[in-house]
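Residues per chain are reported as follows:
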Amino acid sequence: MSTISQQMNLFSMTRMALTLGPGLGFLFYLHSTTISARPDVLDREHRVKDVPSYAIKDTYDFVIVGGGSAGAVLANRLSENPYWNVLLLEAGPDEISLTDMPLMFPTLQQTPFDWRYRTEPGEKYCLGLKDKRCNWPRGKVLGGCSVLNAMLYIRGNRRDYDRWESLGNPGWGYDDVLPYFKKSEDMRIDEYREDDYHGKDGYLTVEHFRYHSPLADWFLEAARESGYEIRDVNGEYQTGFTLAHGTLREGLRCSTEKGFIRPAAKRPNLHVSLHSMVEKILINEYTKQAYGVVFNKFGLSKTVYSDREVILSAGSLASPQLLMLAGIGPKEHLEDVGVEVLVDSPGVGMNLQDHAALGGATYLFEPTEEYDDQVCSFQLPKVFSTETINQFTQEKTGPIYWLPECEVMGFVKTKYENQTDDWPDIQYFFASYADNTDGGLFGKKAIGLSDELYSAVYENILYKESFSILTLLLRPNSRGRIMLKDKNPNSQVLIYPNYFDDPQDLRVMVDGAKKAHKIATETPTMQKYNATFNKFRMPGCHDLDFLSDEYWACQAQHVTMTIYHPVGTAKMGPDEDPVAVVDPRLRVRGIKNLRVVDCSIMPYIPSGNTNAPVIMVAEKAADMIKEDWGVLHRYVDSSEQETENENGDDENKNDENIELKTGQRTSAKKELIMQKTPARRDMDYW
Ligand SMILES: Cc1cc2nc3c(=O)[nH]c(=O)nc-3n(C[C@H](O)[C@H](O)[C@H](O)COP(=O)(O)OP(=O)(O)OC[C@H]3O[C@@H](n4cnc5c(N)ncnc54)[C@H](O)[C@@H]3O)c2cc1C
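Residues numbered from 1 in each chain as written. Predicted model: local features only at pLDDT ≥ 70, side-chain atom pairs only at ≥ 80, totals over all residues.

**Some words on the overall build of the protein**
Argument step 1. Along the protein, the regular secondary structure elements total 19 helices and 27 strands.
Argument step 2. The globule rule puts the C-alpha radius of gyration for 686 residues at 26 Å, and the 25 Å found for the protein is close to it.
Argument step 3. Expressed along its principal axes, the backbone C-alpha trace of the protein runs to roughly 70 × 60 × 55 Å.
Argument step 4. Relative to its full complement of 686 residues, the protein shows a buried share of 53%.
Argument step 5. If you take every contact in the protein between residues at least 6 apart in sequence, the share linking residues at least 24 apart comes to 73%. (Helix = DSSP H or I, 4+ residues; strand = E, 2+ residues; numbered from the N terminus. Rg over C-alpha atoms; globule rule 2.2 N^0.38 Å. Buried ≥ 20, exposed ≤ 12 C-beta atoms within 10 Å, placed from the backbone. Contact = placed C-beta atoms within 7 Å.)

**Focus on the packing of helix α6 (residues 174-184) against helix α18 (residues 611-628)**
Argument step 1. It is the contact of α6 with α18, at a shortest axis distance of 9 Å, that shows an interaxial angle of 100°. Relative to α18, α6 is oriented roughly perpendicular. Here V177, Y180, F181, K183 and S184 of α6 lie close against α18, whose contacting residues are A612, I615, M616, E619 and K620.
Argument step 2. Of the residues belonging to the contact of α6 with α18, the class tally is six nonpolar, one polar and three charged. (Axes fitted to C-alpha atoms, helices over the stretch in contact; angles between N-to-C directions. Parallel < 35°, antiparallel > 145°, perpendicular 65-115°, else oblique. Nonpolar A, V, L, I, M, F, W, Y, C, P; charged D, E, K, R; others polar.)

**Some remarks on the site of the ligand**
Argument step 1. Close to the ligand lie 42 residues; G66, G68, G144, N609 and N611 are nearest.
Argument step 2. Looking at the shell around the ligand, the elements that each hand over two or more residues are α3 (69-78), α4 (145-148), β11 (276-284), α9 (315-325) and α18.
Argument step 3. Looking at the shell around the ligand residue by residue, the class counts come to 19 nonpolar, 19 polar and four charged. (Near = placed C-beta within 6 Å.)

**Digging into the UniProt feature "domain: Glucose-methanol-choline oxidoreductase N-terminal" (unreviewed entry) in the protein**
Argument step 1. UniProt tags residues 60-356 as "domain: Glucose-methanol-choline oxidoreductase N-terminal" (unreviewed entry).
Argument step 2. Helix makes up 24% of residues 60-356 and strand 25%, with an end-to-end C-alpha separation of 40 Å. (UniProt positions renumbered as here; feature names shortened; annotations may be inferred.)

**Section: helix α17 (residues 549-558)**
Argument step 1. Counting buried positions over the 10 residues of α17 gives seven, a clear majority of the element.
Argument step 2. Those residues of α17 that sit buried are W552, A553, C554, Q555, A556, Q557 and H558.

**Observations concerning the environment of Y496**
Argument step 1. Within the secondary structure layout, Y496 lies in strand β22 (residues 494-496).
Argument step 2. With 18 C-beta atoms packed within 10 Å, Y496 lands in the partly exposed category.
Argument step 3. Measuring from C-alpha to C-alpha, the distance between Y496 and M350 comes to 9.9 Å, with 146 residues separating the pair along the chain.
Argument step 4. Each residue touching Y496, except ones within four places of it in the same chain, is listed here: E120, G480 and R481.

**Let's talk about the sheet that holds strand β6 (residues 204-208)**
Argument step 1. Strand order in the open sheet formed by four strands is β5-β6-β8-β9, with mixed pairing between adjacent strands. Single-partner strands in this sheet number two, and they are β5 (185-187) and β9 (252-253).
Argument step 2. As paired elements, β6 and strand β8 (residues 245-249) share three bridges and run antiparallel to each other. Residue pairing across strands places E207 opposite G246, the latter belonging to β8. (Pairing = 2+ DSSP bridges.)

**Concerning the environment of N390**
Argument step 1. Counting through the fold element by element, N390 comes out in helix α12 (residues 386-395).
Argument step 2. Residue N390 is classed as partly exposed on the basis of its C-beta count, with 14 C-beta atoms lying within 10 Å.

**Thoughts on the UniProt feature "domain: Glucose-methanol-choline oxidoreductase C-terminal" (unreviewed entry) in the protein**
Argument step 1. Here, UniProt's "domain: Glucose-methanol-choline oxidoreductase C-terminal" (unreviewed entry) annotation points to residues 476-618.
Argument step 2. Helix makes up 30% of residues 476-618 and strand 10%. Its end C-alpha atoms lie 24 Å apart.

**A look at the pairing of strand β18 (residues 408-412)**
Argument step 1. Across the five residues that make up β18, a large majority, five, are buried.
Argument step 2. Where strand β7 (residues 240-243) lies against β18, four bridges are found, and the strand directions are antiparallel. Along β18, the bridge assignment pairs L243 with V408.
Argument step 3. Examined bridge by bridge, β18 and strand β19 (residues 426-431) share five bridges and lie antiparallel to one another. Bridge pairing links V412 to I426 in β19.

**A look at the nonpolar core**
Argument step 1. Core analysis: the biggest nonpolar cluster contains 191 residues, and I64, V65, L74 and A75 have the highest contact counts within it.
Argument step 2. The element contributing the most residues to this core is α18, with nine residues. (Core = buried A, V, L, I, M, F, W, Y, C linked by C-beta atoms within 7 Å.)

**Some details on unusual backbone geometry**
Argument step 1. A positive phi angle, near 55°, is found at E250, a position not held by glycine.
Argument step 2. Of note, E250 is situated in the loop between β8 and β9.
Argument step 3. Backbone geometry at F500 places phi at a positive 65°, although glycine is not the residue there.
Argument step 4. Mapped onto the secondary structure, F500 falls in the loop between β22 and α15 (503-522).
Argument step 5. Here F500 falls in the buried class, since 24 other C-beta atoms lie within 10 Å of it.

**Remarks on the pairing of β8**
Argument step 1. The element β8 is extensively covered by neighbouring structure, given that five of its five residues are classed as buried.
Argument step 2. Of the two faces of β8, the one holding H245, T247 and R249 and the one holding G246 and L248 are both buried throughout.
Argument step 3. Relative to β9, β8 runs antiparallel, the two being bridged by two bridges. The residue of β9 that forms the bridge with L248 is R253.
Argument step 4. Here β8 hands over to β9 after two residues, with E250 in that stretch at a positive phi of 55°.

Encoded structure:
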């Protein structure tokens, strides 16, 4: 490093250290004012009560490990049956008021709500990040990643699910899963409420973000000028652009904790135990039957037994870890780390897929006079103000309801994709935010940008009006892997994402980034605001022609950003597939009474963000579990229900035993015929 860049680096670090105090001061003031002025955010009445250790029973029908996106859905749906007792074990705490606020999205990472994973270093990715390792945030909180995520509601493409089915997974085609997307959804965007692709009676509320900057309109207009449709990308067609749809209720985050657990929190047959780190799945080595778990709560080890099933919903990193620790995994690897092999399951931890993005594509622009008194892009000194806090606490408006990281989203096809097909291979996040606009306080820390890169690329354009575009690879060919570090359940797994292992992934990314660049610089709308690419180059890419294909590829390999969607590490598949870990009913092969229900089971990553898909997976899994245990469950969709009502039937006729009265929901759209079914035990195991 030259002396000039060393000095720049030192200046940058000192400046950040000096601005950290006021930044954190803002957060503290916002948090404390919200507590006193916004009881609706705290929602004390509906919050879950952590079951104390002494009240935890010895045995439950179902023990769910992990209260994240999927686990929360299961806890609700399984405890709909009043004859079943359900225990949900979550390693983290409950949400807090800051997690509700869309603007706070990047500030939640690298905090105690985040497991703070980091990938192993590689030669082809994350080269501009600290130690050449990417940060992989994962929610350690009730609601899991749905509490840390960017709230973007995207389902993926019809073809994704048809492909899952074609691999030998009956019941997972698009026409089968669409009813479950609809079942979970409480669509509140007026124009989509009555549409065939959306549901309005589910627990997961979907809205537009309440606050937008003028850039949102410019982005949409630029996309239109580039020939793209503005449409519902969760509807009949996916290719096109849209104002972001968010998992939001009244403008605030609708995590699965808020959506699914709060309405069920008062059911007597559901126990939720927080701060409960599951360390071991108990499996009878002779019968190969799962019968409970060992977990640690506040330093005390506790064992609970399951009468029916243990369900792993600990996410794509921890579920394969717990399987491997229980002796279910690739034989050689288990032997290497000294775990006794129970089932040689070569697919556990394999098939890791993630959406990698090309980060750092920053554009400067000049707003015209009419925007003089407006916040255009997110600029920390303008947005972190008492006025913003007052708007939030007193008027329920303002930038706290904003997600500058993605105002507009697009799905496009590169030259490598069939142009007549509606199966885009690239997704864009058009952001009225860039890493220079927060002075490095949050984004830099969350991604893990190196000090050297930050000072070289951003220090000269600090707090200037800027936007950025994230280009994301929707269907990577590269595959990564999760491995155990050792036998200790508290050790984090080793993550090898292997981004760009297949060179075609880099080619697709480059073509996608160039298309985005055209939208950003060659459309009349963007030219009106003189949008230009940040001229300060990536260290490591200096020698390459600026914005040549090689330069874009180099940038992708330096600022490689996870879009936080790891999937596939315990994939489902038919018996013939030797690396399928679970069957199409999500039962772990070779073990009885053990299922995996979370992102791990996805054989291929969906073409879009993964929260809505995993919620769909959990909704469907809950029905499969009910079916498998002889509990008839029929979901009646709205049209059928209306006919029944016209015939004079009481719409709540089967609901008297079902405690669904908390929250805003009615359970009128369901008909549940519950019967007490005996647990199937092959032997007495304790
Ligand atoms: C920063 C970020 C931004 C994202 N943005 C979006 C977005 O905008 N839109 C979108 O659709 N998706 C987004 N995602 C991805 C999406 O949220 C996840 O794919 C999804 O939430 C994963 O759900 P899951 O149920 O598989 O796992 P998780 O939600 O991760 O749930 C796993 C749960 O298990 C708990 N757990 C783990 N190990 C143990 C243990 N041993 N004992 C007890 N509990 C345990 C964890 O604490 C966690 O609560 C984002 C994710 C992140 C992290």
